[in-house]
Protein chains: 2
Amino acid sequence: MTMTDPARTTQDSPTDRVRELLARMTTREKVGQLNQRLFGWQHVRRTRTGYVLSEELLAHAEHWGGIGAVYGLHRADAWSGQSWSNGIAPEAAAEVTRQLQDAVAAVSRLAVPALIVEEAPHGHQGLGGTLLPTTIGQAATFDPEWVAERAAAVAAELASVGAHVALVSGLDLARDPRWGRSEECFGEDPLLAAELTGATVAAMQGEGERIDAAHVAVVVKHLAAQGAAAGGRNAASAVIGRRELHEIHLPPARSAVLADAAGFMSAYNDIDGVPCSANRDLLTGLLRQQWGSRGIVMSDMGALDRLAGPAGGLVEAGALALNAGVDMSMGDVAFTLLEEALARGLVNEAAIDLACERVLRLKDRLGLLDGTRSVEAPARPRFPVPPVDASALVLVKNDGALPLPPGIERVAVIGPNSQDVGCLLGDYVPPLPAGDGVSIAEGLVQTLAAEVRCERGSMVRGELPGGIGRAVDLARWAEVVVLALGGSSRRRYDGEFEDNGAAAGAEDLDVSGGEGADLADVRLPGAQRELVEAVAEAVAGSGTRIVTVMVTGRAQGASPALELSDALLYAWYPGPDGGRVIAETLIGNDEPAGRMPVSVPRSSAELPVTYDRRLEWSPRYLTGPVSPETPFGAGLGYTSWTLGPVEGVPAAAGIEDVDAGRVGVRVRVTNTGRRAGSQVVQLYGRLMVPGLAPRTASLLGHSRVRLEPGESREVEVRIAPSPPALAAIDGPGRLALVAGLDSSVSFDEAVEIDLVVTAAGADSAAL
Amino acid sequence: MTMTDPARTTQDSPTDRVRELLARMTTREKVGQLNQRLFGWQHVRRTRTGYVLSEELLAHAEHWGGIGAVYGLHRADAWSGQSWSNGIAPEAAAEVTRQLQDAVAAVSRLAVPALIVEEAPHGHQGLGGTLLPTTIGQAATFDPEWVAERAAAVAAELASVGAHVALVSGLDLARDPRWGRSEECFGEDPLLAAELTGATVAAMQGEGERIDAAHVAVVVKHLAAQGAAAGGRNAASAVIGRRELHEIHLPPARSAVLADAAGFMSAYNDIDGVPCSANRDLLTGLLRQQWGSRGIVMSDMGALDRLAGPAGGLVEAGALALNAGVDMSMGDVAFTLLEEALARGLVNEAAIDLACERVLRLKDRLGLLDGTRSVEAPARPRFPVPPVDASALVLVKNDGALPLPPGIERVAVIGPNSQDVGCLLGDYVPPLPAGDGVSIAEGLVQTLAAEVRCERGSMVRGELPGGIGRAVDLARWAEVVVLALGGSSRRRYDGEFEDNGAAAGAEDLDVSGGEGADLADVRLPGAQRELVEAVAEAVAGSGTRIVTVMVTGRAQGASPALELSDALLYAWYPGPDGGRVIAETLIGNDEPAGRMPVSVPRSSAELPVTYDRRLEWSPRYLTGPVSPETPFGAGLGYTSWTLGPVEGVPAAAGIEDVDAGRVGVRVRVTNTGRRAGSQVVQLYGRLMVPGLAPRTASLLGHSRVRLEPGESREVEVRIAPSPPALAAIDGPGRLALVAGLDSSVSFDEAVEIDLVVTAAGADSAAL
């Protein structure tokens, strides 16, 4: 870069409005814009007559001459303590937001509105907010349009309550299923995650430079590599190198930049020792200078204060982060001390100006500086959300048990996740309105003509006294047993939490996932394994079929349910309506269309099993070959398929053809069954570059095809432009291509193309 | 670097002898020097009247005008198929070597002797060779002198049979206990491994520039980071970054360079995608240019041929490796094709010259070019080896059961490792002479006045029909039960092997460690857990004491033996005399003096648990805090100790003081027991550098103190010069120091020093 300000790019220039505003601001006012110190729900109290703002909020606004951002004004959940009894009611939400903005404006010299920042990892975490399947379930759709449609509805809903910024999951990769936040990832694959992240950002922000009143700005989280945390332990060190970072962990962020994401949340973890919020190579060198993002960097909650120990103090921590490229803090003390950092020479005014300019540019982009963003309080529900369907459900086994045949009279629904809705939602969700949501048992009751009886059998992680006995009795009564197993990320209002909302003391609660709930053992918990074995033994030989539904937010092993069931379906955390969707799918009204977005390990002891790890000379332990219990990409529907031999398209190609999306394979796909259905044809590559260890396989593209019974079609699957697998390659190589229906493909019959790659990532010297 | 030849340093210049020889060589002769294509044992056949060399050996020497090196002429083990019935007898070994050299010289135009390269990971892997405890056990001594004395004896023995080069383990770190080669590591800690590697190299090579006829050249293995292989799977990718590489994995190599090691073996694994044998940044940039090594780089067996796939062919693979900095291959086809690579312009003559020059310099250093190295066939045993003692034995629990009191009359020795010697040896060992070696049972028989009875109870990994029943009966008879548990790396002559000698098909054998024998689950195998529980239940309440001896080569969990035993001792693979040493220790003739060289995990599901991993905000799973079963550094003797408060020495210091070994702590150490004993006082530091995530703790120094009962002494423990913990640091920081008796130290009461570091590793841009 040869510009005088290396952190500024050509696209990266402020409007006159921002420039003039900035020129009028005092240092304190600028620093005020960089802070998101207050949690909204702590500063709005609901009374019998209305909503009252706290003195502290107004004093804060007065002190700083405004407020940069308010976090979680509408957030309602166990951690915030906001519920239907005390939180902001949906019908009042827009008005309360306006009340807050008016009060802030009244005490702010320049009357710059605060950014209203809300959590929306997979839906709006406010009372009445629309909830989508968790991110990992969205990934299972392999369908950016499906995801985009629903994300757009969430954005419109957020905008309607006066929110400006949605904090959205997407950048983390589910590389270690022990991590409780696996559910917040678009799976393990960088291409899939990049596609879905880009689609989500574009859908929520809308088209064009300005973000209009039907859309919100998206801050995607987290930058970067949090999914590589050692041991799957939340926020632990990502001990990875540059190629792994570029090929696996950065592609979703790159995709978000291309979608012009409004911001990036710097992650808690360090990468090979350097905390992301102190990583100038990452936040400035790569994100701004190399990729040209004009977005803000917002740090994760309290992440800057965590830098204080090594930095030598909070003032030093704030300076370190600002100089690295953080523009806005979340909840830290450190960034409130930037005036002192300036006085002590730890930062300069230009750095504060640049951060403030970025924040103001975002406000301008939202129409907040010229008053063009207007919010009308809507009557809810105003935004039709496309319904959740079977697109995210992954059927991994079916010995003819599904669809359930008509005429069944007795169905037993057994398991810890059989009767409750909370387990269907995932982490980062508001309490549902009373009576909302459909459990799996309720879904079956509503959908089947049969008699449906329920028994929990066990807790998620612990035993339920007498539970197995009752379950066994019930199973003997039934013609079909639906086992509702897996995990839960439900939070309880009497639970304990870390300062940042992560679960604490969750050891004592019956949960197994979500932030702060990491698991050492990712198999089915022992209590559930015993339940499965007891039920299977009870019905063995009786003709009773067992259908297992795995409700989970991670690549959780399903053994022994996988072996002992006649069919097994991963439902992820499907959302409030999940019970209905699952029931419709079990009876065959809908075909399960999801594909595994992760490699499911047989046990934590065999990790890593990600399908795209570098080719091993001898991938085995003494106990046998290392192979996943269920491979990435796997998933059955209700018909059967064949793939013909693969042909390269075109026969010879250069990297420019790849980047232009002209390269791929052609393969004949046939629906050999007796039912119409859809299939995801997956294109995998193995890149052979001299002096580099090849990855076993990398997903390079995918294409869904819908065929009638007996129908056959030639399908072309193209390599996605700038595929992550080429991100850190620089030089000549050969690319072997195969098509398959999951990632357990063989390259013995691959077609091969020569190429010379000069990839974006490869010229980043520092990172 | 400003030199014209960047791969050459000033120290790195050839003698006139080498220069003249090189000038006289043809390209083919030079390439011949770079090859170690032949495995010696395949080319010497023992007959009734003597030893006969193969035609292929002589044809090879004739074709290349000499031989660069012969691998494993004296190697005897299951893979080579060499045993006491067909291998080279010790008394004939020197003569056979001379016979080979004479024959090679006779058909070589320039009569350059071949390097005779032998395996000596922990002793000489030839018939009659002295065996030391495996490397991990040597690390448990925390005693470079102990290790050096024994390494020197092995070197003298190797030299006496005409060997020139010993392949010695030392560079790998035992970071993942699933890895079967953990036993070949000097533990998990970079400082400890660096000290012991340096001591081993210096002891085996002797003092001074020349390596005399009582010493051998050392090629240390492996460069680099093989211990970081993903999943603990042999040779898998080390997906690590630069800081991790420099702080954890490179220090032993740096130490070997400082000890002027003759060579380095490039590892099978890739580091973040780049295979070590193709890594010019590593083999040339770091090793030669930055560190100034003048040693050769020898690739691991067949590692170059493994590069062929991505490189596009064997010729390309050889060129890639030569250009990266490999000088000598082992067993590959690729390096025999360098003439073709030259003809095709893939390498240039200068690169071949430089590699050849390095090989010739090593031969010169050994006195092979001027005939000054002479070997006289010795009558064996000629080299007194200091005996193995209790220095490597780590006592991790003792509820008063040890030392065994006098007067015991009935001792039961139970367990898969109770009666056999093979389990005491580890991998990479020759067959013992008939009748050699002392099993644990035999050791107790020889040492105790008691009646000793044995029962295996179980196999190492599988059940033994009726074993538990017989073991329980025997336990009920005994006053003391010694459980001999753990693992085994024994190889069988009817076993299967990979092309490089790693175990294959070991699934079916009763082994659990060594090369090719990686384990998913590092707890005691189920069969042993059942045995322990049955025995403990049988003697519960009877007053019978249980003493467990863990024979193992990795950080293997000891639960439930740890909880159910009155005392538990890790013996590692102690060597042929292990049974005697263990018995002497159990009765208290010797005090166990070892300290844990690894962090022992509770299960593989919690990995990593290395004590020096970066500080985690919330190191826990839902099942509880992440903590090792036994921490690094732990170990009990037969007396008790207290440590006083820690005082900094000196109170203030700079990095130059650290490098000069002037900085550390002073602490009062008291033997509070009634028996003389020794203790290892350990100095741990936590480095606080702005913008870097601190490691939890790093071992910075250690000091053994021997005190009489009731004696008290002020002990100074200094930071070792250039501690690995500072290897990748560049800038100001603070170092908190504490002393402790294991790595589970608290930094609450640490003394703190300010320092500015400019470390060796920090200025390496490429790596």
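Residues numbered from 1 in each chain as written. Chains lettered and ligands numbered in written order. Predicted model: local features only at pLDDT ≥ 70, side-chain atom pairs only at ≥ 80, totals over all residues. Heavy atoms only, no water.

J.: Talk me through the packing of aromatic side chains; I want residue IDs and the actual numbers.
T.: Inspection of every chain in the model, using the stated rule, returns 18 aromatic pairs over all chains. When the ring of A:Tyr611 is compared with that of A:Tyr684, the centres are 5.6 Å apart and the planes differ by 80°; the resulting orientation is edge-to-face. Of the two residues, A:Tyr611 sits in the loop between helix H19 (578–586) and strand S19 (620–621) while A:Tyr684 sits in strand S23 (residues 677–688), which places them 73 residues apart along the sequence. When sorted by exposure, A:Tyr611 lands in the same class as A:Tyr684, which is buried. Aromatic side chains B:Phe39 and B:Tyr71 sit 5.6 Å apart centroid to centroid with 65° between the ring planes, which places their arrangement in the edge-to-face category. Here B:Phe39 is found in the loop between helix H2 (27–33) and strand S1 (44–46), whereas its partner B:Tyr71 is found in strand S3 (residues 69–71), with 32 residues between them in sequence. Owing to a relative accessible area of 11%, B:Phe39 belongs among the buried residues under this scheme. B:Tyr71 gets classed as buried once you look at its relative accessible area, which sits at 0%. Counting every residue linked through ring pairs, the aromatic cluster contains A:Phe39, A:Trp41, A:Tyr71 and A:Trp79. Between the NZ or CZ atom of A:Arg306 and the centre of the ring of A:Tyr268, over which it lies, the distance is 4.2 Å. One Lys or Arg, B:Lys221, reaches over the ring of B:Tyr428 and ends 4.5 Å from the middle of that ring. (Phe/Tyr/Trp six-rings, centres within 6.5 Å; stacked < 30°, edge-to-face > 60°. Helix = DSSP H or I, 4+ residues; strand = E, 2+ residues; numbered from the N terminus. Buried < 20%, exposed > 50% of the residue type's maximum accessible area, 1.4 Å probe, protein only. Lys NZ or Arg CZ within 6 Å of the ring centre and 35° of its normal.)

J.: Got a sec to walk through the relation of the copies chain B and chain A? Specific residues and values, please.
T.: The operation relating chain B to chain A is a screw motion whose rotation component is 180°, with 0.0 Å of axial translation and a residual RMSD of 0.0 Å. Such a turn and shift between the copies fits a two-fold axis. Here 100% of the contact residues of chain B are again contact residues in chain A; the copies associate through an equivalent surface. (Least-squares fit on C-alpha atoms with pLDDT ≥ 70 in both. Contact = heavy atoms within 4.5 Å.)

J.: Got a sec to walk through the UniProt feature "domain: Fibronectin type III-like" (unreviewed entry) in chain A? Specific residues and values, please.
T.: Look at the UniProt record and you will see "domain: Fibronectin type III-like" (unreviewed entry) annotated at residues 679–744 of chain A. In the segment residues 679–744 of chain A, helix accounts for 0% and strand for 58%; the C-alpha atoms at its two ends are 16 Å apart. (UniProt positions renumbered as here; feature names shortened; annotations may be inferred.)

J.: So what's going on with the domain arrangement of chain A? Residues and values would help.
T.: Residue and element names in this part refer to chain A. When its domains are assigned, chain A resolves into domain 1 (16–365), domain 2 (390–625) and domain 3 (641–763). The straight-line distance from the C-alpha centre of domain 1 to that of domain 3 is 36 Å. Contacts between domain 1 and domain 3 engage 15 residues on the former and 18 residues on the latter. Buried area between domain 1 and domain 3, summed over both chains or domains, comes out near 1,500 Å², and the portion from carbon and sulfur atoms is 54%. Taken as a group, Phe142, Leu191 and Glu247 account for 41% of the area that domain 1 buries against domain 3, more than any other trio of residues on that side. If you look at where domain 1 meets domain 3, you find two salt bridges. Where domain 1 packs against domain 3, one counts four residue pairs in polar contact (both at pLDDT 80 or more). Elements represented by at least two residues in the side of domain 1 that touches domain 3 include exactly helix H7 (190–205) and helix H8 (242–249). (Domains from an automatic or database assignment. Buried area = accessible area lost by both parts, 1.4 Å probe. Salt bridge = Lys/Arg side-chain N within 4 Å of Asp/Glu carboxyl O. Polar contact = N/O pair within 3.5 Å; in protein donor to acceptor, adjacent residues only side chain to side chain.)

J.: Run through unusual backbone geometry, naming residues and quoting values.
T.: Residue and element names in this part refer to chain A. Residue proline 403 follows leucine 402 across a cis peptide bond; omega there is -10°. Within the fold, proline 403 resides in the loop between strand S11 (394–398) and strand S12 (410–414). Residue proline 560 is bonded to the preceding serine 559 through a cis peptide linkage, with omega at 5°. Secondary-structure assignment places proline 560 in the loop between strand S17 (545–551) and helix H18 (561–564).

J.: Break down the interface of chain B and chain A for me, with residues and values.
T.: Tallying the contact residues gives 62 residues for chain B and 62 residues for chain A. Summing both sides of the interface, chain B and chain A together bury roughly 5,000 Å²; the carbon and sulfur share of this comes to 55%. Taken as a group, B:Arg233, B:Arg620 and B:Leu622 account for 18% of the area that chain B buries against chain A, more than any other trio of residues on that side. The interface formed by chain B and chain A contains four salt bridges.

J.: Could you give an account of the sheet that holds strand S10 (residues 296–299) of chain A, with specific residues and numbers?
T.: All names here are of chain A. Pairing within the open sheet is parallel, and its six strands lie in the order S3-S4-S5-S6-S7-S10. With one partner strand each, in any of the chains shown, strand S3 (69–71) and S10 form the two edges of the open sheet. Recorded for the sheet is a direction-independent mean angle of 30° between the axes of neighbouring strands. One ladder, built from three bridges, connects S3 with strand S4 (residues 115–119); its direction is parallel. (Pairing = 2+ DSSP bridges. Axes fitted to C-alpha atoms, helices over the stretch in contact; angles between N-to-C directions.)

J.: An account of the pairing of strand S23 (residues 677–688) of chain B is requested, with residue identities and associated values reported.
T.: All names here are of chain B. A large share of S23 lies buried, amounting to twelve of its twelve residues. By the alternation rule, side chains of S23 split into Gly677, Gln679, Val681, Leu683, Gly685 and Leu687 and Ser678, Val680, Gln682, Tyr684, Arg686 and Met688, which are all buried. Bridge count between S23 and strand S26 (residues 730–740): seven bridges; the pairing is antiparallel. Considered in S26, the bridge of methionine 688 is made with arginine 734.

J.: Provide a residue-level description of the packing of H7(A) against helix H9 (residues 251–258) of chain A, including the pertinent values.
T.: Residues and elements named next belong to chain A. Across the interface, H7 lies against H9 with an axial gap of 8 Å and an inter-helix angle of 30°. Here H7 lies roughly parallel to H9, going by the angle between them. Here H7 and H9 pass one another in a crossing that is right-handed. Of the residues in H9, those touching H7 at Pro190, Ala193, Ala194, Thr197, Gly198 and Val201 are Pro251, Pro252, Ser255 and Ala256. (Parallel < 35°, antiparallel > 145°, perpendicular 65-115°, else oblique. Left-handed = near helix turned anticlockwise from the far one by under 90°.)

J.: Give a description of helix H6 (residues 144–160) of chain B that names residues and reports values.
T.: One turn of an α-helix holds 3.6 residues; hence residues three or four places apart share an orientation. Spanning 17 residues, H6(B) covers 24 Å between terminal C-alpha atoms, matching the ideal 24 Å at 1.5 Å per step. The buried fraction of H6(B) amounts to 13 of the 17 residues, a majority that puts the element mostly inside the structure. (Expected span 1.5 Å × (residues − 1).)

J.: Before we move on, could you go through the state of the cysteines and cite the residues and values that matter?
T.: Residue and element names in this part refer to chain A. What the rule picks out here adds up to zero disulfides over all chains. No disulfide involves cysteine 454; its sulfur sits 12 Å from that of cysteine 423, the nearest cysteine. On the basis of relative accessibility, which here comes to 29%, the residue cysteine 454 falls in the partly exposed class. (Disulfide = S-S within 2.5 Å.)

J.: Mind laying out the confidence of the model for chain A, listing which residues take part and the relevant values?
T.: All names here are of chain A. For chain A, mean pLDDT is 93; residues scoring 70 or higher make up 95% of the total. Below pLDDT 50 for its whole length, residues 1–10 participates in 20 contacts with residues either more than four positions away or in separate chains. Confidence drops under a pLDDT of 50 for residues 760–765, and excluding neighbours within four residues, the segment shows 16 contacts in the predicted structure. As a predicted assembly, this complex carries a pTM of 0.96 together with an ipTM value of 0.95. (pLDDT = per-residue confidence, 0-100.)

J.: I'd like a description of the side chain of B:Ser299, backed by residues and values.
T.: All names here are of chain B. The residue serine 299 is located in strand S10 (residues 296–299) in this model. Serine 299 sits in the buried class, given a relative accessible area of 0%. In contact with serine 299, other than residues within four places in its own chain, are Met265, Ser266, Ser277, Leu304, Val326, Met328, Ser329, Met330 and Asp332.

J.: Provide a residue-level description of the environment of B:Val385, including the pertinent values.
T.: Residue and element names in this part refer to chain B. Its location among the elements puts valine 385 in the loop between helix H14 (349–365) and strand S11 (394–398). Residues valine 385 and glutamate 149 lie 236 residues apart in sequence; the distance between their C-alpha atoms is 8.0 Å. Not counting residues within four places of it along the chain, the set of residues in contact with valine 385 comprises Thr130, Leu132 and Ala153.

J.: If you had to explain the environment of B:Thr49 to someone new, which residues and values would you point to?
T.: In this fold, B:Thr49 is placed in the loop between S1 and strand S2 (51–53). Residue B:Thr49 is classed as exposed on the basis of its relative accessible area of 80%.

J.: So what about the pattern of salt bridges? Which residues, and what values?
T.: For the coordinates displayed, the defined rule picks out 100 salt bridges over all chains. For A:Arg181, the salt bridge goes to A:Glu515, with nearest N and O atoms at 3.2 Å. Placement of A:Arg181 in the loop between strand S5 (165–169) and H7 and of A:Glu515 in the loop between strand S16 (503–504) and helix H17 (526–539) is noted, with a sequence separation of 334 residues between them. With respect to burial, A:Arg181 and A:Glu515 carry one shared label: buried. Across the pair B:Arg28 and B:Glu339 runs a salt bridge, and its minimum N-O distance is 3.2 Å. Residue B:Arg28 is located in helix H2, and its partner B:Glu339 is located in helix H13 (residues 338–343); the two are separated by 311 residues in the primary sequence. B:Glu339 gets classed as partly exposed once you look at its relative accessible area, which sits at 25%. Where salt bridges share partners, they join A:Glu647, A:Arg666, A:Arg668, A:Glu714, A:Glu716 and A:Arg718 into one cluster.

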